[in-house]
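# Survey of secondary and tertiary structure
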Amino acid sequence: MRLPLLSPAFPGTVGSEWGKLWSVRSARLCLLAALVVTGVFSYYYGAIARINGHPVQPVGNAAASSVVLVQFAFAVLAMVAVTSEYTTGSIRATLLWTPRRHRVQAAKALVAAGVAFSGGTVCAVLGTAVAWGAFDGRASFDAGTTARQVLAVGAYQALVAVLAVGVAFAARHPAGALAVLVSLLWAVPSTLLGLGAAAVVDGLPYGAGGHFVGAGADGAPYGPVTAVLIVAAWAAAAHLAGRYALHRADA
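What comes next concerns the included structure. (Residues numbered from 1 in each chain as written. Predicted model: local features only at pLDDT ≥ 70, side-chain atom pairs only at ≥ 80, totals over all residues. Heavy atoms only, no water.)

This brings us to a nonpolar patch on the surface. On the surface, a nonpolar cluster with roughly 280 Å² of combined accessible area is contributed by L32, V36 and V40. Tracing the chain through its elements places V40 in helix α2 (residues 25-51). According to the relative accessible area criterion, V40 is exposed, its value standing at 55%. (Patch = residues over 30% accessible without salt bridge, like charges linked within 9 Å, V, L, I, M, F, W, Y side chains within 5 Å. Areas by Shrake-Rupley, 256 points an atom, 1.4 Å probe, with all protein chains shown as cover. Salt bridge = Lys/Arg side-chain N within 4 Å of Asp/Glu carboxyl O. Helix = DSSP H or I, 4+ residues; strand = E, 2+ residues; numbered from the N terminus. Buried < 20%, exposed > 50% of the residue type's maximum accessible area, 1.4 Å probe, protein only.)

Listed below in structure tokens is the structure:
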């Protein structure tokens, strides 16, 4: 069976999904929310570090720490790219025009990941710039470390977008998809941390993502490569679950 990315028709499917994504106003609102939350949180993070006299740390940690909130903007953006079609019923036309359903899902995942990577990277640059002034000497700047953190934030947001597309195809309904995403990316890990089950959280996107985008943290159980592979595995599992639901049920 030919892979979706190798199909001659795939670029056209991607172009169609790109146009449909930007036809939904919520996509722009999600990107705006991501920028605003990153800026506010990064400034707050740097100001608190300065006021409380925290040890000097990489300036990119401020933007990296905002990911726990900002990830939901990109998750919703990716989710809406799928659930909006089920809500309006336009998914029937989409699958009629592109009968190979896995190609539709792959195109949506690729478009959402590309937008999330670009948006996440821009957010990280903005957050780093804002935090530098707020730290006022309580942060260090190393070009290599900062660049790695900026790109790591973008990569993590891209994987979150792929995960969200898979969950959306599996759930089909925005409320159900959002409930799963909030539980997986925040509620369950936060509860487990409160119960002292940090080792379990390290195997979830929440914990692995934090180890991947952070810098200078002590006690990390694994390196950034292992961390990103864990997040990628969750994204792949969600993608496969969505693909199964897409092929098993009628639109």
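From this point, things continue past the structure.
We now examine empty space enclosed by the protein. By the definition in use, this model includes two cavities of 30 Å³ or more. Looking at the largest cavity, its volume works out to about 50 Å³. Lining of the largest cavity is provided by T38, A63, S66, V67, V70, F74, G120, C123, A124, V153 and Q157. Residue assignment for the lining of the largest cavity shows that the elements contributing at least two residues are α4 (67-88), α6 (101-135) and α7 (143-171). Its residues placed into classes, the lining of the largest cavity shows seven nonpolar, four polar and no charged. E17, L21, A81, K108, V111 and A112 together form the lining of the second largest cavity. When residues of the lining of the second largest cavity are traced back to their parent elements, those giving at least two are α1 (10-23) and α6. Residue classes in the lining of the second largest cavity are distributed as four nonpolar, no polar and two charged. (1 Å grid on protein atoms, 1.4 Å probe; cavity = no way out; pocket = protein on both sides within 12 Å on 5 of 7 lines; lining within 4 Å. Points joined across faces, edges and corners; volume = space filled by probe spheres on them. Nonpolar A, V, L, I, M, F, W, Y, C, P; charged D, E, K, R; others polar.)

Let us look at the packing of α1 against α6. Following both chains from N to C, one finds α1 and α6 inclined at 55°, their axes separated by 9 Å at the closest point. Compared by their axis directions, α1 and α6 come out oblique. α1 and α6 meet at a crossing whose hand is right-handed. Contacts between α1 and α6 pair F10, T13, V14, E17, W18, K20, L21 and W22 from the former with R103, V104, A106, A107, K108, L110, V111 and V115 from the latter. (Axes fitted to C-alpha atoms, helices over the stretch in contact; angles between N-to-C directions. Parallel < 35°, antiparallel > 145°, perpendicular 65-115°, else oblique. Left-handed = near helix turned anticlockwise from the far one by under 90°. Contact = heavy atoms within 4.5 Å.)

Spatial relationships are all this shows, so hold off on functional conclusions.
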